[in-house]
Amino acid sequence: MAKPNTEFEIRGVNHLALVCKDMAETVKFYRDILGMPLTKTIDLPRDLGQHFFFDIGNGDSLAFFWFKDAPPAQPGHASPSALPTQGSFVSAHGSMNHIAFDVPAEKFDAYVQKLKDKGIAVSQILNHDNSETGSSAEVTDDVFVRSVYFFDPDGVCLEFASWVGKPFDDDDVAHAPMKADGVRDESVITPLAKRRKLQPAE
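This is a predicted model, so every value here is computed, not measured. (Residues numbered from 1 in each chain as written. Predicted model: local features only at pLDDT ≥ 70, side-chain atom pairs only at ≥ 80, totals over all residues. Heavy atoms only, no water.)

Enquirer: Can you explain the environment of Gln86? Please cite residues and give values.
Expert: By secondary structure assignment, the location of Gln86 is in the loop between strand S4 (60–67) and strand S5 (99–102). In the structure, Gln86 is positioned 38 residues away from Gln124 in sequence and 8.8 Å away in space, judged by C-alpha atoms. (Helix = DSSP H or I, 4+ residues; strand = E, 2+ residues; numbered from the N terminus.)

Enquirer: So, the side chain of Arg146: which residues are in play, and what are the values?
Expert: Along the polypeptide, Arg146 turns up in strand S8 (residues 145–151). Polar contacts involving the side chain of Arg146 include one to the side chain of Asn127, which spans 2.7 Å. (Polar contact = N/O pair within 3.5 Å; in protein donor to acceptor, adjacent residues only side chain to side chain.)

Enquirer: So what about the side chain of His51? Which residues, and what values?
Expert: Here His51 shows up in strand S3 (residues 49–57). Here Phe64 takes part through its backbone oxygen, which lies 3.2 Å from a polar atom of the side chain of His51. If near-sequence neighbours (up to four positions away) are discounted, His51 is found in contact with Ala17, Met23, Lys40, Thr41, Ile42, Leu44, Ala63, Phe64 and Phe65. (Contact = heavy atoms within 4.5 Å.)

Enquirer: Lay out helix H2 (residues 108–117) in plain terms, naming residues and giving numbers.
Expert: Three or more residues of H2 are buried, namely Phe108, Val112 and Leu115. Along the axis of H2, the buried positions cluster into a sector of 60°, meaning they face one direction only. When the buried face of H2 is taken as reference, the exposed residues oriented beyond 90 degrees from it are Ala110 and Asp117. Residues of H2 that are buried in the fold lie against S8 and strand S9 (157–163). Looking one or two places after H2, you find Gly119, whose phi comes out positive at around 85°. (Buried < 20%, exposed > 50% of the residue type's maximum accessible area, 1.4 Å probe, protein only. Arc of directions from axis to C-beta.)

Enquirer: So what about the sheet that holds strand S2 (residues 38–43)? Which residues, and what values?
Expert: One open sheet holds the four strands; their spatial order is S1-S4-S3-S2, and the pairing between them is mixed. Either end of the sheet is taken by a strand with one partner, and the two such strands are strand S1 (15–19) and S2. Direction aside, the axes of adjacent strands within the sheet are offset by 20° on average. Contacting S2, S3 and S4, helix H1 (residues 23–33) crosses the sheet at an angle of about 5° to S3. (Pairing = 2+ DSSP bridges. Axes fitted to C-alpha atoms, helices over the stretch in contact; angles between N-to-C directions.)

Enquirer: Lay out the sheet that holds strand S6 (residues 126–128) with the relevant residues and their values.
Expert: In spatial order, the strands read S5-S9-S8-S6-S7; together these five strands make up an open sheet with mixed pairing. The open sheet has two edge strands, S5 and strand S7 (135–136), and neither has a second partner. With four bridges connecting them, S5 and S9 associate as parallel partners. Looking at the pairing, Asp102 lines up with Ala161 of S9. Along the sheet face, H2 touches S8 and S9 and points at about 10° away from the line of S8.

Enquirer: Just give me the short version of the nonpolar core, but keep the residues and values in it.
Expert: Of all hydrophobic cores here, the largest spans 25 residues; its most connected members are Tyr30, Leu34, Phe64, Leu115, Phe150, Leu158 and Phe160. In terms of residues, this core owes the most to one element, H1, which gives four residues. Apart from the residues within four sequence positions on either side, Tyr30 is in contact with Gly35, Met36, Phe54, Leu62, Phe64, Asp152 and Leu158. (Core = buried A, V, L, I, M, F, W, Y, C linked by side-chain atoms within 4.5 Å.)

Enquirer: Just give me the short version of H1, but keep the residues and values in it.
Expert: Those residues of H1 not exposed but buried are Met23, Thr26, Val27, Phe29 and Tyr30. Capping the start of H1 is the job of one residue whose side-chain oxygen sits 3.0 Å from the backbone nitrogen of Ala24: Asp22. Positive phi appears at Gly35, one or two residues downstream of H1, with a value of about 80°.

Enquirer: Report on unusual backbone geometry, specifying residues and quantitative values.
Expert: Even without glycine at this site, Arg46 takes up a positive phi of about 60°. The class for Arg46 is exposed, based on a relative accessible area of 74%. Despite not being glycine, Asn58 shows a phi value in the positive range, around 60°.

As far as function goes, none of this settles anything; it's purely spatial.
See below:
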């Protein structure tokens, strides 16, 4: 069960704001291909550009800016240069690597096929699990999320993701985080294996 935030009442994502090269192509992709309702359009003051909002469900929005003088995209820096399983998925510090849209688990496979039918190139399906490779070819009891990845017209990496399996518990927070120098910091999170060793025997 999720632990409540005792500091701020954060109710999800209000909106994510990205930058596109061509707002017309962005509308055609998100509204006409992915079916997201276009809910608000803004011409920015001082002829700066535009800001459009798409409904992604649960009261959340995905927004795009179009700036007249924006620099060109930088795949491999501001975004991944390839989809997972198809090349390097690394992006720069401070970048937004990808957006994962939550879709129903029972519709996941049909939605992957629907993307293909609409001419969208997709990655192979990844059934993320806790194995050494991080994924399984089949949906097993250890799989916690199913994913498929694809690009939008500007090279923004998108994902359809479906939670499957048991709800997360304390054992799912299992790894000490890396510091900038690549060394794990166990003062932030004690690794699960070490926590289990420290537990008193019954």
